[in-house]
Amino acid sequence: MKRWLLACALCVSICVNGFFLTIQNGSICYREPGGAWHDTGLRAHSVLPAQDASLLSRGLHFPSRQALTRALEDFCS
């Protein structure tokens, strides 16, 4: 039980302090630490292989803007 609570606390910390990349309404979007959502304008299923779209639909967390930028470059180019 303690491990589960620690894992949840770590996840919440990452979510609040980091960037979050996911698919919303079919578009690749990311959330800044302050909570603002940004739509990249790219339709996920038209630019991503099925495996990448599946991974991204679950959401990915990044600790810095640089890490998010690298991921966006990988997913969107």
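Figured I'd write up the structure that's included with this text.

## With respect to unusual backbone geometry
- Its identity as a non-glycine residue notwithstanding, N25 has a phi of 50 degrees, on the positive side.
- Judged by its relative accessible area of 76%, N25 is exposed.

## Some thoughts on the sheet that holds strand β2 (residues 27–31)
- Strand order across the open sheet formed by four strands is β3-β2-β1-β4, with antiparallel pairing between neighbours. If you trace the sheet from one side to the other, it starts and ends with β3 (37–43) and β4 (60–62), each paired once. Across the sheet, the axes of successive neighbouring strands diverge by a mean angle of 25 degrees, strand direction being ignored.
- Across five bridges, strand β1 (residues 19–24) lies against β2 in antiparallel orientation. Looking at β2, one finds that F20 is bridged to R31.
- Sheet strands in contact with helix α4 (residues 65–76) are β1, β2, β3 and β4, and its direction is about 30 degrees off that of β1.

## Overview of the packing of aromatic side chains
- One pass over the structure, following the stated rule, counts one aromatic pair.
- Ring plane angle 85 degrees and centroid distance 6.1 Å describe the contact between F20 and W37, whose orientation is recorded as edge-to-face. Of this pair, F20 sits in strand β1 while W37 sits in strand β3; the two residues are 17 residues apart in sequence, bridging distant segments of the chain.
- On the basis of relative accessibility, which here comes to 37%, the residue W37 falls in the partly exposed class.

What counts as what
Residues numbered from 1 in each chain as written. Predicted model: local features only at pLDDT ≥ 70, side-chain atom pairs only at ≥ 80, totals over all residues. Heavy atoms only, no water. Buried < 20%, exposed > 50% of the residue type's maximum accessible area, 1.4 Å probe, protein only. Pairing = 2+ DSSP bridges. Helix = DSSP H or I, 4+ residues; strand = E, 2+ residues; numbered from the N terminus. Axes fitted to C-alpha atoms, helices over the stretch in contact; angles between N-to-C directions. Contact = heavy atoms within 4.5 Å. Phe/Tyr/Trp six-rings, centres within 6.5 Å; stacked < 30°, edge-to-face > 60°.

Keep in mind these values describe shape, not function.
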